[in-house]
Amino acid sequence: DPQQIELTSKRKLRRFIVIDEVVDKLYGSKVREYFEENNVQHKILALPTTEETKSMDLVLNILHEVQSFGLDRRTEPIIAIGGGVCLDIVGLAASLYRRRTPYIRVPTTLLSYVDASVGAKNGVNFLQCKNKLGGYTPPVASFLDRSFIRSIPRRHISNGLGEILKMALMKHKGLFDLLKNHGKYLLDTKFQSCNGFADHRDAALQTTRIAIETMLEELAPNLWEDDLDRLVDFGHLISPELEMRVLPSLMHGEAVNIDMAFMTYVAHAHGLLAAEEKEQILQCMRGLELPVWHSGCSWALIQSALRERLKHSGGQPRMPLPTGLGVAEIFNDISEETLERAYELWVRD
(Lines give C-alpha, C1' and ligand atoms only; values in the text may rest on other atoms or scores of the structure.)
Protein backbone atom coordinates (compact mmCIF):
# COMPACT_ATOMS: atom_id res chain seq x y z
CA ASP A 1 0.00 0.00 0.00
CA PRO A 2 1.82 3.17 -1.22
CA GLN A 3 -0.09 5.32 1.30
CA GLN A 4 1.05 3.12 4.17
CA ILE A 5 4.67 3.14 2.93
CA GLU A 6 4.61 6.93 2.78
CA LEU A 7 3.18 7.09 6.28
CA THR A 8 5.74 4.73 7.81
CA SER A 9 8.69 6.33 6.00
CA LYS A 10 8.00 9.56 7.89
CA ARG A 11 8.04 7.73 11.25
CA LYS A 12 10.99 6.29 13.10
CA LEU A 13 11.03 2.51 12.66
CA ARG A 14 10.22 0.60 15.85
CA ARG A 15 10.59 -3.11 16.61
CA PHE A 16 9.78 -5.31 19.59
CA ILE A 17 11.98 -8.43 19.73
CA VAL A 18 11.64 -11.51 21.94
CA ILE A 19 14.82 -13.56 22.04
CA ASP A 20 15.63 -16.77 23.91
CA GLU A 21 18.04 -15.90 26.75
CA VAL A 22 20.66 -18.45 25.61
CA VAL A 23 20.55 -17.06 22.05
CA ASP A 24 20.79 -13.55 23.51
CA LYS A 25 24.08 -14.40 25.22
CA LEU A 26 25.49 -15.67 21.91
CA TYR A 27 24.01 -13.21 19.41
CA GLY A 28 22.35 -10.42 21.41
CA SER A 29 25.14 -7.90 20.80
CA LYS A 30 24.92 -8.44 17.01
CA VAL A 31 21.13 -8.05 17.07
CA ARG A 32 21.39 -4.78 19.05
CA GLU A 33 24.15 -3.51 16.77
CA TYR A 34 21.96 -4.24 13.72
CA PHE A 35 19.01 -2.19 15.02
CA GLU A 36 21.24 0.64 16.23
CA GLU A 37 23.08 0.90 12.88
CA ASN A 38 19.72 1.02 11.06
CA ASN A 39 18.39 3.67 13.44
CA VAL A 40 15.51 1.48 14.63
CA GLN A 41 13.99 2.17 18.04
CA HIS A 42 13.80 -1.24 19.67
CA LYS A 43 13.03 -3.22 22.81
CA ILE A 44 14.71 -6.61 23.23
CA LEU A 45 13.11 -8.98 25.73
CA ALA A 46 15.33 -11.96 26.62
CA LEU A 47 13.41 -14.84 28.18
CA PRO A 48 14.00 -18.47 29.25
CA THR A 49 11.99 -20.35 26.63
CA THR A 50 11.94 -24.05 27.51
CA GLU A 51 9.23 -26.74 27.64
CA GLU A 52 9.07 -26.16 31.42
CA THR A 53 8.40 -22.39 31.01
CA LYS A 54 6.13 -22.74 27.94
CA SER A 55 3.00 -21.37 29.62
CA MET A 56 0.34 -18.66 29.50
CA ASP A 57 2.26 -16.88 32.28
CA LEU A 58 5.14 -16.29 29.88
CA VAL A 59 2.71 -15.18 27.13
CA LEU A 60 1.17 -12.62 29.54
CA ASN A 61 4.66 -11.45 30.55
CA ILE A 62 5.41 -10.76 26.87
CA LEU A 63 2.07 -8.97 26.38
CA HIS A 64 2.70 -6.67 29.37
CA GLU A 65 5.99 -5.62 27.76
CA VAL A 66 4.37 -5.21 24.32
CA GLN A 67 1.71 -2.96 25.84
CA SER A 68 4.37 -0.83 27.59
CA PHE A 69 6.35 -0.51 24.35
CA GLY A 70 3.25 0.36 22.32
CA LEU A 71 2.92 -1.20 18.86
CA ASP A 72 1.17 -0.29 15.64
CA ARG A 73 -0.29 -3.73 14.92
CA ARG A 74 -0.42 -3.06 11.19
CA THR A 75 3.15 -1.93 10.53
CA GLU A 76 5.29 -3.09 13.47
CA PRO A 77 5.66 -6.88 13.59
CA ILE A 78 6.92 -8.60 16.72
CA ILE A 79 10.13 -10.54 16.02
CA ALA A 80 10.80 -13.93 17.65
CA ILE A 81 14.42 -15.16 17.68
CA GLY A 82 14.96 -18.62 19.17
CA GLY A 83 14.05 -22.28 19.05
CA GLY A 84 10.63 -23.81 18.50
CA VAL A 85 9.38 -23.08 22.02
CA CYS A 86 10.23 -19.38 21.65
CA LEU A 87 8.53 -19.20 18.22
CA ASP A 88 5.40 -20.95 19.58
CA ILE A 89 5.09 -18.66 22.61
CA VAL A 90 5.62 -15.43 20.67
CA GLY A 91 3.24 -16.58 17.93
CA LEU A 92 0.49 -17.07 20.51
CA ALA A 93 1.23 -13.72 22.18
CA ALA A 94 1.11 -11.92 18.80
CA SER A 95 -2.15 -13.64 17.83
CA LEU A 96 -3.78 -12.47 21.08
CA TYR A 97 -2.54 -8.87 21.12
CA ARG A 98 -5.29 -6.70 19.62
CA ARG A 99 -6.71 -9.91 18.09
CA ARG A 100 -3.78 -10.34 15.72
CA THR A 101 -0.46 -8.56 15.50
CA PRO A 102 1.95 -9.64 12.74
CA TYR A 103 5.07 -11.49 13.81
CA ILE A 104 8.28 -12.79 12.21
CA ARG A 105 9.98 -16.10 13.03
CA VAL A 106 13.78 -16.36 13.15
CA PRO A 107 14.59 -20.00 14.07
CA THR A 108 17.96 -20.64 15.72
CA THR A 109 17.89 -24.45 16.16
CA LEU A 110 17.78 -27.14 13.48
CA LEU A 111 14.43 -28.40 14.81
CA SER A 112 12.78 -24.97 14.59
CA TYR A 113 14.46 -24.30 11.22
CA VAL A 114 12.75 -27.26 9.52
CA ASP A 115 9.60 -27.57 11.65
CA ALA A 116 8.38 -24.63 13.79
CA SER A 117 9.34 -22.06 11.13
CA VAL A 118 6.87 -23.68 8.71
CA GLY A 119 3.08 -23.63 9.17
CA ALA A 120 0.56 -21.66 11.17
CA LYS A 121 0.42 -23.30 14.60
CA ASN A 122 1.46 -21.69 17.87
CA GLY A 123 0.74 -22.59 21.49
CA VAL A 124 1.76 -23.29 25.08
CA ASN A 125 1.55 -26.24 27.46
CA PHE A 126 -1.39 -26.41 29.88
CA LEU A 127 -2.23 -28.81 32.74
CA GLN A 128 0.85 -30.89 31.86
CA CYS A 129 -0.44 -31.38 28.29
CA LYS A 130 1.75 -30.35 25.37
CA ASN A 131 0.47 -27.36 23.34
CA LYS A 132 -3.03 -27.65 24.83
CA LEU A 133 -3.65 -23.91 24.37
CA GLY A 134 -2.92 -22.28 21.02
CA GLY A 135 -4.16 -21.22 17.64
CA TYR A 136 -3.44 -20.98 13.93
CA THR A 137 -1.78 -17.68 13.08
CA PRO A 138 0.98 -17.91 10.47
CA PRO A 139 3.90 -15.48 10.63
CA VAL A 140 4.23 -12.75 8.01
CA ALA A 141 7.71 -14.16 7.32
CA SER A 142 10.26 -16.74 8.46
CA PHE A 143 13.92 -15.81 8.03
CA LEU A 144 16.10 -18.91 7.73
CA ASP A 145 19.82 -18.62 8.49
CA ARG A 146 21.79 -21.84 9.04
CA SER A 147 24.71 -19.99 10.64
CA PHE A 148 22.73 -19.95 13.93
CA ILE A 149 22.97 -23.76 14.00
CA ARG A 150 26.79 -23.53 14.33
CA SER A 151 26.54 -22.72 18.03
CA ILE A 152 24.06 -25.39 19.15
CA PRO A 153 25.24 -28.62 20.84
CA ARG A 154 25.52 -31.85 18.85
CA ARG A 155 22.54 -33.36 20.68
CA HIS A 156 20.36 -30.48 19.44
CA ILE A 157 21.45 -31.20 15.85
CA SER A 158 20.44 -34.83 16.33
CA ASN A 159 17.15 -33.65 17.85
CA GLY A 160 16.34 -31.66 14.69
CA LEU A 161 17.28 -34.62 12.50
CA GLY A 162 14.36 -36.51 14.10
CA GLU A 163 11.82 -34.20 12.44
CA ILE A 164 13.72 -34.30 9.13
CA LEU A 165 13.69 -38.10 9.23
CA LYS A 166 9.92 -37.97 9.79
CA MET A 167 9.43 -36.21 6.44
CA ALA A 168 11.90 -38.60 4.75
CA LEU A 169 10.03 -41.70 5.93
CA MET A 170 6.62 -40.30 5.04
CA LYS A 171 7.31 -38.65 1.70
CA HIS A 172 10.81 -38.69 0.23
CA LYS A 173 13.13 -41.66 -0.38
CA GLY A 174 15.83 -39.28 -1.67
CA LEU A 175 15.80 -37.43 1.66
CA PHE A 176 16.06 -40.75 3.51
CA ASP A 177 19.12 -41.66 1.40
CA LEU A 178 20.70 -38.26 2.16
CA LEU A 179 20.27 -38.86 5.90
CA LYS A 180 21.51 -42.46 5.69
CA ASN A 181 24.60 -41.53 3.65
CA HIS A 182 25.49 -38.12 5.10
CA GLY A 183 24.07 -38.20 8.65
CA LYS A 184 27.43 -38.27 10.46
CA TYR A 185 28.81 -35.55 8.17
CA LEU A 186 25.79 -33.31 8.92
CA LEU A 187 26.28 -33.84 12.66
CA ASP A 188 30.04 -33.19 12.44
CA THR A 189 29.68 -30.00 10.35
CA LYS A 190 26.54 -28.75 12.17
CA PHE A 191 24.70 -28.24 8.88
CA GLN A 192 27.17 -25.64 7.59
CA SER A 193 27.98 -25.52 3.87
CA CYS A 194 31.65 -26.50 3.69
CA ASN A 195 33.92 -26.12 0.65
CA GLY A 196 36.25 -28.96 -0.27
CA PHE A 197 33.80 -31.78 0.43
CA ALA A 198 32.74 -32.62 -3.11
CA ASP A 199 31.55 -36.08 -2.16
CA HIS A 200 28.91 -34.52 0.11
CA ARG A 201 27.67 -31.97 -2.51
CA ASP A 202 26.31 -29.51 0.07
CA ALA A 203 24.22 -32.15 1.84
CA ALA A 204 23.19 -29.54 4.44
CA LEU A 205 21.46 -27.31 1.89
CA GLN A 206 19.84 -30.25 0.08
CA THR A 207 18.61 -31.85 3.31
CA THR A 208 17.05 -28.69 4.80
CA ARG A 209 15.53 -27.58 1.49
CA ILE A 210 13.85 -30.95 0.81
CA ALA A 211 12.65 -31.25 4.43
CA ILE A 212 11.01 -27.81 4.28
CA GLU A 213 9.55 -28.32 0.80
CA THR A 214 7.98 -31.67 1.75
CA MET A 215 6.62 -30.15 4.96
CA LEU A 216 5.07 -27.28 2.98
CA GLU A 217 3.55 -29.71 0.47
CA GLU A 218 1.74 -31.39 3.37
CA LEU A 219 0.77 -28.28 5.34
CA ALA A 220 -0.18 -25.73 2.69
CA PRO A 221 -3.40 -27.41 1.42
CA ASN A 222 -4.48 -28.15 5.02
CA LEU A 223 -3.14 -25.18 7.00
CA TRP A 224 -6.00 -25.10 9.51
CA GLU A 225 -6.09 -28.93 9.90
CA ASP A 226 -9.65 -29.29 8.55
CA ASP A 227 -8.56 -32.71 7.28
CA LEU A 228 -7.39 -34.82 10.24
CA ASP A 229 -5.61 -37.39 8.03
CA ARG A 230 -2.10 -35.90 8.26
CA LEU A 231 1.15 -37.66 7.37
CA VAL A 232 3.02 -35.03 9.43
CA ASP A 233 1.46 -36.59 12.55
CA PHE A 234 3.88 -39.53 12.18
CA GLY A 235 5.90 -39.68 15.39
CA HIS A 236 3.33 -37.51 17.19
CA LEU A 237 0.81 -40.07 18.42
CA ILE A 238 2.66 -41.25 21.53
CA SER A 239 5.48 -38.71 21.80
CA PRO A 240 3.45 -35.80 23.32
CA GLU A 241 2.51 -37.89 26.37
CA LEU A 242 5.98 -39.46 26.62
CA GLU A 243 7.75 -36.10 26.32
CA MET A 244 5.66 -34.43 29.04
CA ARG A 245 5.83 -37.49 31.32
CA VAL A 246 9.66 -37.66 31.35
CA LEU A 247 10.56 -33.94 31.13
CA PRO A 248 13.32 -32.83 30.88
CA SER A 249 15.09 -36.09 29.99
CA LEU A 250 13.89 -36.19 26.35
CA MET A 251 13.98 -33.41 23.78
CA HIS A 252 11.09 -33.08 21.32
CA GLY A 253 12.81 -34.66 18.31
CA GLU A 254 14.09 -37.50 20.48
CA ALA A 255 10.57 -38.28 21.77
CA VAL A 256 9.27 -38.11 18.18
CA ASN A 257 11.94 -40.58 17.08
CA ILE A 258 11.07 -43.06 19.84
CA ASP A 259 7.44 -42.87 18.66
CA MET A 260 8.60 -43.39 15.03
CA ALA A 261 10.75 -46.38 16.06
CA PHE A 262 7.76 -48.05 17.72
CA MET A 263 5.52 -47.26 14.73
CA THR A 264 8.16 -48.79 12.43
CA TYR A 265 7.69 -52.03 14.38
CA VAL A 266 3.90 -51.64 14.07
CA ALA A 267 4.26 -51.25 10.27
CA HIS A 268 6.44 -54.37 10.18
CA ALA A 269 4.03 -56.36 12.39
CA HIS A 270 1.14 -55.34 10.13
CA GLY A 271 3.02 -56.57 7.03
CA LEU A 272 3.68 -53.12 5.56
CA LEU A 273 7.48 -53.14 5.93
CA ALA A 274 9.93 -55.94 5.16
CA ALA A 275 12.39 -56.87 7.92
CA GLU A 276 15.23 -55.38 5.86
CA GLU A 277 13.40 -52.03 5.52
CA LYS A 278 12.70 -51.97 9.26
CA GLU A 279 16.40 -52.54 9.96
CA GLN A 280 17.43 -49.83 7.48
CA ILE A 281 15.20 -47.33 9.28
CA LEU A 282 16.52 -48.26 12.73
CA GLN A 283 20.10 -48.19 11.48
CA CYS A 284 19.53 -44.71 10.02
CA MET A 285 18.08 -43.52 13.37
CA ARG A 286 21.12 -44.81 15.25
CA GLY A 287 23.41 -43.17 12.68
CA LEU A 288 21.69 -39.85 13.40
CA GLU A 289 22.39 -40.50 17.12
CA LEU A 290 18.68 -40.63 17.95
CA PRO A 291 17.21 -42.87 20.69
CA VAL A 292 15.12 -45.78 19.39
CA TRP A 293 13.64 -46.79 22.76
CA HIS A 294 12.96 -45.31 26.21
CA SER A 295 12.07 -47.11 29.45
CA GLY A 296 9.34 -44.53 30.10
CA CYS A 297 7.47 -45.62 26.96
CA SER A 298 5.51 -48.41 28.65
CA TRP A 299 2.64 -50.36 27.13
CA ALA A 300 0.28 -48.53 29.54
CA LEU A 301 1.56 -45.13 28.29
CA ILE A 302 1.09 -46.20 24.65
CA GLN A 303 -2.50 -47.29 25.36
CA SER A 304 -3.23 -44.03 27.20
CA ALA A 305 -1.72 -41.92 24.39
CA LEU A 306 -3.71 -43.73 21.69
CA ARG A 307 -6.95 -43.30 23.70
CA GLU A 308 -6.19 -39.57 23.88
CA ARG A 309 -5.55 -39.60 20.13
CA LEU A 310 -9.04 -41.02 19.48
CA LYS A 311 -10.63 -38.14 21.44
CA HIS A 312 -9.03 -35.51 19.24
CA SER A 313 -9.13 -37.18 15.82
CA GLY A 314 -12.83 -37.76 15.25
CA GLY A 315 -12.91 -41.18 16.91
CA GLN A 316 -10.40 -42.71 14.47
CA PRO A 317 -6.71 -43.41 15.23
CA ARG A 318 -5.61 -41.97 11.84
CA MET A 319 -2.24 -43.65 12.23
CA PRO A 320 0.40 -42.65 9.65
CA LEU A 321 2.65 -45.63 8.93
CA PRO A 322 5.50 -46.21 6.44
CA THR A 323 4.60 -48.67 3.68
CA GLY A 324 8.16 -48.61 2.33
CA LEU A 325 11.09 -46.21 2.45
CA GLY A 326 9.75 -42.72 1.69
CA VAL A 327 6.11 -43.78 1.18
CA ALA A 328 3.29 -43.92 3.71
CA GLU A 329 -0.45 -44.17 4.27
CA ILE A 330 -2.96 -43.43 7.05
CA PHE A 331 -4.42 -46.51 8.79
CA ASN A 332 -7.52 -46.96 10.97
CA ASP A 333 -7.53 -50.75 11.14
CA ILE A 334 -4.46 -51.61 13.25
CA SER A 335 -5.65 -54.08 15.90
CA GLU A 336 -4.62 -53.98 19.55
CA GLU A 337 -3.14 -57.44 19.04
CA THR A 338 -0.82 -56.09 16.29
CA LEU A 339 0.17 -53.13 18.47
CA GLU A 340 0.96 -55.40 21.42
CA ARG A 341 2.96 -57.80 19.24
CA ALA A 342 4.94 -54.86 17.81
CA TYR A 343 5.58 -53.57 21.35
CA GLU A 344 6.90 -56.95 22.51
CA LEU A 345 9.27 -57.19 19.51
CA TRP A 346 10.42 -53.61 20.06
CA VAL A 347 11.20 -54.18 23.75
CA ARG A 348 12.91 -57.50 22.96
CA ASP A 349 15.19 -55.89 20.37
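Keep in mind that what you see is a predicted model, and the values were worked out from it rather than measured. (Residues numbered from 1 in each chain as written. Predicted model: local features only at pLDDT ≥ 70, side-chain atom pairs only at ≥ 80, totals over all residues. Heavy atoms only, no water.)

A.B. asks: Summarise the pairing of strand β6 (residues 129-136); cite the residues concerned and give the values.
C.D. replies: Note: strand β5 (residues 121-126) against β6, five bridges, orientation antiparallel. Note on β6: the bridge partner recorded for V124 is L133. A loop of two residues connects β5 with β6, the two strands running antiparallel in sequence, and L127 in this loop sits at a positive phi of about 50 degrees. (Pairing = 2+ DSSP bridges. Helix = DSSP H or I, 4+ residues; strand = E, 2+ residues; numbered from the N terminus.)

A.B. asks: Please give an account of the domain arrangement of the protein chain that cites residues and values.
C.D. replies: By domain assignment, the protein chain separates into domain 1 (13-150) and domain 2 (153-222 + 230-348). On a C-alpha basis, the centroid separation for the pair domain 1 and domain 2 is 27 Å. Counting from both sides, the interface comprises 20 residues of domain 1 and, opposite them, 30 residues of domain 2. Summed over both partners, the interface of domain 1 with domain 2 comes to about 2000 Å²; 67% of that surface belongs to carbon and sulfur atoms. Looking at the side of domain 1 facing domain 2, the largest losses of area belong to L110, L111 and R146, adding up to 32% of the total buried there. At the boundary of domain 1 and domain 2, one finds two salt bridges. Here E308 makes a salt bridge to K132, at a shortest N to O gap of 3.7 Å. Joining domain 1 to domain 2, the criterion identifies four residue pairs in polar contact (both at pLDDT 80 or more). Top contributing element to the side of domain 1 that touches domain 2 by residue count: helix α5 (residues 110-116), with five residues. (Domains from an automatic or database assignment. Contact = heavy atoms within 4.5 Å. Buried area = accessible area lost by both parts, 1.4 Å probe. Salt bridge = Lys/Arg side-chain N within 4 Å of Asp/Glu carboxyl O. Polar contact = N/O pair within 3.5 Å; in protein donor to acceptor, adjacent residues only side chain to side chain.)

A.B. asks: Please set out the side chain of R309 residue by residue, giving values where relevant.
C.D. replies: Considering the arrangement of structural elements, one finds R309 in helix α12 (residues 299-311). Looking at R309, its side chain comes within polar contact range of the main-chain oxygen of P317, at 2.9 Å. The residues touching R309, leaving out its near neighbours within four places in the chain, are D233, L237, P317 and R318.

A.B. asks: Which residues make up a negative patch on the surface, and what values go with them?
C.D. replies: On the surface, a cluster of negative charge is contributed by E336, E337, E340 and E344. Looking at the secondary structure, you find E344 in helix α13 (residues 336-348). (Patch = residues over 30% accessible without salt bridge, like charges linked within 9 Å, V, L, I, M, F, W, Y side chains within 5 Å. Areas by Shrake-Rupley, 256 points an atom, 1.4 Å probe, with all protein chains shown as cover. Lys, Arg positive; Asp, Glu negative; His and termini not counted. Charge placed at Lys NZ, Arg CZ, Asp CG, Glu CD.)

A.B. asks: Quick one: what's the story with the layout of surface pockets, residue by residue and with numbers?
C.D. replies: Space inside the second largest pocket adds up to approximately 500 Å³. Around the second largest pocket, the lining comprises 20 residues; the ones closest to its centre are V31, Y34, F35, I81 and V106. Listing elements by their share of the lining of the second largest pocket, those giving two or more residues are α2 (21-37), β3 (78-82) and β4 (103-107). The greatest single-element share of the lining of the second largest pocket, amounting to five residues, is contributed by α2. For the lining of the second largest pocket, the class distribution of residues is 14 nonpolar, two polar and four charged. (1 Å grid on protein atoms, 1.4 Å probe; cavity = no way out; pocket = protein on both sides within 12 Å on 5 of 7 lines; lining within 4 Å. Points joined across faces, edges and corners; volume = space filled by probe spheres on them. Nonpolar A, V, L, I, M, F, W, Y, C, P; charged D, E, K, R; others polar.)

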